[in-house]
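The residues making up each chain are set out below.
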Amino acid sequence: MTSPDEKYMREAIRWAKKGIGRTSPNPMVGAVIVRDNRIISAGYHQRAGVDHAEVDALKKMSESAVLTGDVMYVTLEPCNHHGRTGPCTEAILKSGLRKVVIGMQDPNPNVVGGGGAFLRGKGVEVTIGVLESECSKLNEAYIKFVSTRRPFVIAKSALTMDGWTATSAGQSRWITNERSRAFVHRLRDQVDAVLVGIGTILADDPLLTTRLKNKRGKDPIRVIVDTNLKTPHNAKVITHPSASRTLIMVNEDVRAEALRLFENSPVSIVRCPIKEGNIDLGVMLDILGDMSITSLLVEGGAAIMGTLIREHLIDKFHIFKAPKILGGGDGIPMAGGHGPGDMGEALGLKDISVRRFGDDFLFTGYPVYSR
């Protein structure tokens, strides 16, 4: 049976999700205020630099003042430091609230002073850990970023039933149906950046933009892994009039004549060390983290996917399976390079979920790396 605390925390989570894809590098947070077993106010963090969820909920109080017995439910521990906004703990104390229920502690090691402990020290009754798993999953990208300073890496791939991502001629349009592709555009709307390799640019000339029916989606930063800078200067990802940036990751010794082709283009060329002849993807993630990119959707290709898997750099998989069979042995696989010779060394996935989009199936899971 669901407890009252869980019931109201689920509402706070629902409010937090209103900020999905818009709060980076901050977390998504929701808050509700309960009086006599009913929600009298609710709020959420909309974007970095504006009110946090607790303050938003307090400002929207439908009744003029906090009363004894009112309870705030918030998905993440209230901040207790001065950033772009003031401490939420001070706003809570000023409001007169005497009880706060928190979904999870803030994992940010750079945050000085826990909000929960501070409120307890001021006489506020504090409960921490209600629906902690759900609150953690909500902010899995934020948790990875503040812990490692690297973006949360999501790998997306679409496969035929016999395991190919493209034909022998490199054609991949379209393995999945329109509903599956719409889901991918929602993913792009939710992440900070999307990444492909030069092979995908040359084969498909993609836009890498977000195209939702309501036209409200934001374009992610486009990242191209292009060791030797072979990206055509007239590629759609460069010429398309998007408000979002395009980054091309190149080796540190890229030829000067190649760079000159991009002198007047809107792209940013980012030099990166190489490893075994290609961009060092681990260092690349460090560079992207330094740019405050907290989440990265990897859409191909096989070489990059294989390297990311072997180097244990992927945090989450979205793998589509479509009811199509190429029936040959010469298609393009999801991941290139050398795989293990022993099935016992195969990468396992945990926390699997399956969704259906028409005749397509989406398998989502988290890798289990053996160190």
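Predicted, not measured: the structure shown is a model, and the values here were computed from it. (Residues numbered from 1 in each chain as written. Predicted model: local features only at pLDDT ≥ 70, side-chain atom pairs only at ≥ 80, totals over all residues. Heavy atoms only, no water.)

### Considerations on the pattern of salt bridges
Tallied over the full model, the rule gives 15 salt bridges. A salt bridge links R35 to D70, with the nearest nitrogen and oxygen atoms 2.7 Å apart. Taken together, the positions of R35 in strand β1 (residues 30-35) and D70 in the loop between α2 (53-59) and β3 (71-76) put the pair 35 residues apart, joining distant regions of the chain. You can call R35 buried: its relative accessible area is 6%. One salt bridge connects K156 with E299, and the closest N-O pair in it is separated by 3.7 Å. Linking K156 in strand β6 (residues 152-159) with E299 in the loop between β14 (295-298) and α12 (302-310), this pair joins segments that are 143 residues apart in sequence. (Salt bridge = Lys/Arg side-chain N within 4 Å of Asp/Glu carboxyl O. Helix = DSSP H or I, 4+ residues; strand = E, 2+ residues; numbered from the N terminus. Buried < 20%, exposed > 50% of the residue type's maximum accessible area, 1.4 Å probe, protein only.)

### Some words on the sheet that holds strand β17 (residues 348-357)
Backbone hydrogen bonds are what pair the strands of a sheet, in a parallel or an antiparallel way. Reading across from one edge, β11-β10-β9-β8-β14-β6-β15-β18-β17 is the order of the nine strands in this open sheet, with mixed pairing throughout. Single-partner strands in this sheet number two, and they are β11 (268-272) and β17. Strand-to-strand, the axes of this sheet are offset by a mean angle of 25 degrees, without reference to chain direction. The pairing of strand β15 (residues 316-321) with strand β18 (residues 360-368) spans five bridges and is classified as antiparallel. The residue of β18 that forms the bridge with K321 is F361. Contacting β6, β14, β15, β17 and β18, helix α7 (residues 178-190) runs over the sheet at an angle of about 125 degrees to β17. (Pairing = 2+ DSSP bridges. Axes fitted to C-alpha atoms, helices over the stretch in contact; angles between N-to-C directions. Contact = heavy atoms within 4.5 Å.)

### Quick word on the environment of V55
Relative to the elements of secondary structure, V55 occurs in helix α2. You can call V55 buried: its relative accessible area is 17%. In the structure, V55 is positioned 140 residues away from L195 in sequence and 36 Å away in space, judged by C-alpha atoms. With residues up to four places along the chain from it excluded, the contact list for V55 reads C88 and A91.

### What about the sheet that holds β1?
With mixed pairing, five strands are arranged side by side in an open sheet as β2-β1-β3-β4-β5. Unpaired on one side and paired on the other, β2 (38-44) and β5 (125-128) mark the two borders of the sheet. Within the sheet, the average angular offset between the axes of one strand and its neighbour, ignoring direction, is 15 degrees. Relative to β2, β1 is paired through six bridges, and the arrangement is antiparallel.

### Focus on the pairing of β18
Relative to β18, β17 runs antiparallel, the two sharing eight bridges. Along β18, the bridge assignment pairs F357 with D360. Hairpin connection of β17 to β18: two residues between the antiparallel strands, including G358 at a positive phi of 65 degrees.

### Let's talk about a nonpolar patch on the surface
On the surface, a nonpolar cluster with roughly 470 Å² of combined accessible area is contributed by L347, L349, I352, V354, F361 and F363. For the nonpolar patch, the element with the most residues is β17, which contributes three residues. In this fold, V354 is placed in strand β17. (Patch = residues over 30% accessible without salt bridge, like charges linked within 9 Å, V, L, I, M, F, W, Y side chains within 5 Å. Areas by Shrake-Rupley, 256 points an atom, 1.4 Å probe, with all protein chains shown as cover.)

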